[in-house]
Amino acid sequence: MNEPGVIRKLSEDVVNRIAAGEIVQRPANALKELIENSLDAHSTNIIITVKAGGLKYLQIQDNGTGIRNEDLEIVCERFTTSKLRQYDDLKQISTYGFRGEALASISHIAHLTILTKTGIAKCAYKASYKDGKLLGPIKACAGNNGTQITVEDLFYNVIARKKALRSPSEEYSHIMEVVGAYAIHNSSIAFTLKKFGENTDIKTPTNSSVIENVRIIHGNQIARELMEVEIKDSTLKLLVQGHITNVNYSHKKGTMLLFINHRLVDSQAIRKAVDSIYSTYLPRNTHAFVYLSIELDPRNVDVNVHPTKHEVQFLYEEQIIEKIKSCIESKLLSCNSTRIMYTQA
Ligand code: ADP
Ligand code: MG
C-alpha cells in the first residue's frame, strides 16, 4: 500500500516565485506593469529599451515623480504601494496599480535595478533587488528626474518558463503590441521603443493625437480609413470613445485595442460582437482595426479579478455590448451608403 504524502509548508521564496510566474507570463506582461507605473507617476516621456525580446534585458526610463529615497528599501516587497490604503479605495481607484505586486513579482524572477530621482532630491539613487529584498546598499549617483527600471535575465530561475519562451522575436512582437496600444491610448505622452543599440521601432511625440499615433504605429493605410466613434449613456454610466476602420479597410488578421477604464484588456465577448458586425461588411475572413476606450463607473468594474488584471469583469455587459454593436453598425451603414451614393453619382 502507498504511504500518504507528508504535508509541508512551502518556503516563502518558493510561494513568491510561483505567484510571480503567474503574474508575469512573458516579458510583455512585465512591461505592461512597468508602463502603468510610469503613467501612474505622471510621466510624459517613456523610453523602452529591449534585448532579446525582453528576456535578457528590459529597461524603461520615465520622467515621472520618481521614488523617494526612504521608500527604496521596501518598494519591491510584496504588497507595498503608494496607491491603495483601504479596501474601500478599490471602488474608485484611478491609478493602474493598487496591490503593490508588480515590482515584487518581477524581483522574484529577474534581476531588478531601480535608478530614480524625485524633483526635490539633490541626486539620484540606485538600488538592486532580489526576491523582494534590497541587494546591497542604496548608492547615490547622477541621474535625471524620474525613474529607470532595468529588468535583466527574466525567468532565470523559472526553468519551465524559459524553455517555453524560445523565440525572442515573438516576445518582441508582443512588446511592440503593448507599447503601440499604450502609445495610441495615451497620445499626449511620448513613447519610444527600441532594441538595444539599434534604431527605434516606435517613436511617438508628446501631445500627438490618436490618429497620428495610429499612422506612426500601424501605417497610413489604416489611419486614413478611421472613423471616430462615441457613445455616452448616463443610465449605464458609460462613455465609449474610439477609432475604427470603415468598410474600405480589411485585413487577414485585424487589430483590436481595447481599454476599459484605461487598462489594456481583452474581452472575448466584445471581440466577437465587433467581429460579427464587421463580418457583413467586409470580405470573408478579414477583419478591421478597432480601438475602443470604454469608461465605466469604477463601481461597476471588478478590477480585482486576477493579478494580471488582463481579464476585467463588469456589470451590464450585455447592454453595453449591444450599445457598441449598434453604434458600429450605424457607422458602417453610413459609410457604406455614402460609398454607394458616390459610385452612382
Ligand atoms: P502598485 O503599482 O500596485 O502600487 P508596484 O509594485 O507596481 O505596485 O509598485 C510599487 C510602488 O513603487 C508604487 O506604488 C509606486 O509608489 C512606486 N513606483 C513603481 N514604479 C514607479 C515609477 N516608474 N515612478 C514612480 N514610482 C514608482
Ligand atoms: Mg504597478
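Reading guide: rules and limits
Here, residues in each chain are numbered from 1, in the same order as that chain's written sequence. Both sets of labels track the order of writing: A upward for chains, 1 upward for ligands. A pLDDT threshold of at least 70 governs which residues receive local features in this predicted model, and a stricter bar of 80 or more applies before side-chain atom pairs are shown or counted, although totals over entire chains, interfaces and linings include all residues. Secondary structure counts use DSSP, requiring at least four H or I residues in a row for a helix and at least two E residues in a row for a strand, with both numbered from the N terminus. Our exposure labels follow a C-beta count within 10 Å of each residue's own C-beta, placed from the backbone: buried means 20 or more other C-beta atoms, exposed means 12 or fewer, and partly exposed covers the counts in between. Two residues qualify as being in contact provided that their C-beta atoms, derived from the backbone, are within 7 Å of each other. Two strands pair if DSSP finds at least two bridges between them. Axis geometry follows a simple rule: fit a line to the C-alpha atoms, using only the stretch in contact for helices, then measure angles between N-to-C directions, giving values from 0 to 180 degrees. A helix is expected to span 1.5 Å for every residue after the first. For classification purposes, angles smaller than 35 degrees are called roughly parallel, those larger than 145 roughly antiparallel, those between 65 and 115 roughly perpendicular, and all remaining angles oblique. Gly is placed with the polar residues, together with every amino acid not listed as nonpolar (Ala, Val, Leu, Ile, Met, Phe, Trp, Tyr, Cys and Pro) or charged (Asp, Glu, Lys and Arg). Remark: nonpolar core denotes a set of buried Ala, Val, Leu, Ile, Met, Phe, Trp, Tyr and Cys residues whose joining runs through C-beta atoms within 7 Å. An automatic or database domain assignment is the source of the domain bounds shown. By convention, the crossing between two helices is left-handed when the near helix turns anticlockwise from the far helix through less than a right angle, and right-handed when the turn is clockwise.

How should I be thinking about the overall build of the protein in this particular structure?
A count of helical and extended segments in the protein gives nine helices and 15 strands. Across its three principal directions, the C-alpha atoms of the protein cover 75 × 65 × 40 Å. Looking at the protein as a whole, 36% of its 345 residues qualify as buried. When contacts within the protein are restricted to residue pairs at least 6 apart in sequence, those whose partners lie at least 24 apart make up 66%.

Which parts of the structure should I look at to understand the sheet that holds strand β4 (residues 124-130)?
Within a beta sheet, neighbouring strands are joined by backbone hydrogen bonds and run either parallel or antiparallel to one another. In space, the eight strands of this open sheet follow the order β5-β4-β3-β6-β2-β1-β7-β8, with mixed pairing throughout. Of all the strands in the sheet, just β5 (133-141) and β8 (200-204) have a single pairing partner and so form its edges. Recorded for the sheet is a direction-independent mean angle of 10 degrees between the axes of neighbouring strands. As defined by bridge partners, strand β3 (residues 111-117) adjoins strand β6 (residues 146-152) across seven bridges and the pair is classed as antiparallel. Counterpart to Thr113 in the pairing with β6 is Thr150. Seen against the sheet, helix α5 (residues 168-185) touches β1 (45-51), β7 (190-195) and β8 and runs at an angle of roughly 10 degrees to β8.

Would you explain the sheet that holds strand β12 (residues 263-264) in this entry?
Spatially, β9-β10-β13-β11-β12 is the arrangement adopted by the five strands of the open sheet, whose pairing is mixed. In this open sheet, the two strands that pair with only one neighbour each are β9 (226-233) and β12. The sheet strands contacting helix α6 (residues 210-218) are β9, β10 (238-245), β11 (255-260) and β13 (289-296), and the helix crosses β10 at an angle near 45 degrees.

Looking at this structure, I do not really get α5. What am I missing?
Given 3.6 residues per helical turn, the α-helix brings residues three or four places apart onto the same face. Here α5 contains 18 residues, and its C-alpha end-to-end distance of 26 Å stays within 8% of the 26 Å for a straight helix at 1.5 Å per residue. Within the span of α5, buried status applies to Glu171, Tyr172, Ile175, Val179, Gly180, Ala181, Tyr182, Ala183, Ile184 and His185.

Explain the pairing of β5 to me, please; I cannot follow it from the model alone.
As a general feature of sheets, a regular strand has side chains that alternate between the two faces. For β5, the buried fraction is low: zero of the nine residues fall into the buried class. Pairing of β4 with β5 involves six bridges; the strand directions are antiparallel. Its bridge partner being in β5, Tyr129 is matched across the sheet by Leu134. The antiparallel hairpin formed by β4 and β5 contains two residues in its connecting segment, where Asp131 sits at a positive phi of about 50 degrees.

When you look at the packing of α5 against α6 in this model, what are you seeing that I'm missing?
Helix-helix packing is described using two parameters, namely the angle between the two axes and the distance between the axes. Two numbers describe how α5 lies on α6: the axes approach to 8 Å, and their chain directions differ by 160 degrees. Compared by their axis directions, α5 and α6 come out roughly antiparallel. Each of Gly180, Ala183 and Ile184 in α5 lies in contact with α6, whose residues at this interface are Val210, Asn213, Val214 and Ile217. By residue class, the composition of the contact of α5 with α6 is five nonpolar, two polar and no charged.

Is there a simple way to think about helix α3 (residues 102-109) in this case?
Burial runs high along α3: eight of the eight residues are buried. Within α3 the residues assigned to the buried category are Ala102, Leu103, Ala104, Ser105, Ile106, Ser107, His108 and Ile109. Its buried side turned inward, α3 meets α1 (12-23), α2 (27-40), β3, β4 and β6.

How should unusual backbone geometry be read in this particular structure?
When glycine is set aside, most residues are seen to have a negative phi, and most peptide bonds are trans. Residues other than glycine seldom take positive phi values, yet His42 does so here, at roughly 60 degrees. Looking at the element boundaries, His42 is found in the loop between α2 and β1. Overall, the presence of 12 C-beta atoms within 10 Å leaves His42 in the exposed class. Non-glycine residue Tyr316 carries a positive phi angle of around 60 degrees. Locating Tyr316 in the fold gives a position in the loop between β15 (313-314) and α9 (317-344). A count of 17 C-beta atoms within 10 Å places Tyr316 in the partly exposed class.

Looking at this model, I keep getting lost on the nonpolar core. Mind explaining?
Buried together is how nonpolar side chains tend to be arranged in soluble globular proteins. With 80 residues, the main nonpolar core has Ala30, Leu31, Ile48, Ile106, Val151, Leu154 and Ile184 as its most contacted residues. When residues of this core are assigned to their parent elements, the largest contribution, seven residues, is made by α5. Three or more residues apiece are contributed to this core by two domains, here domain 1 (12-204) and domain 2 (220-344). Among all residues touching Val151, those that are not within four sequence positions of it are Ala30, Leu58, Ile106, Ala110 and Leu112.

Explain the packing of α1 against α3 here, please?
It is the contact of α1 with α3, at a shortest axis distance of 8 Å, that shows an interaxial angle of 110 degrees. Judged by the angle between their axes, α1 and α3 are roughly perpendicular. Handedness of the crossing formed by α1 with α3: left-handed. Here α1 contributes Asn16, Arg17, Ala19, Ala20, Gly21 and Ile23 to the contact with α3, which in turn contributes Ser105, His108 and Ile109.

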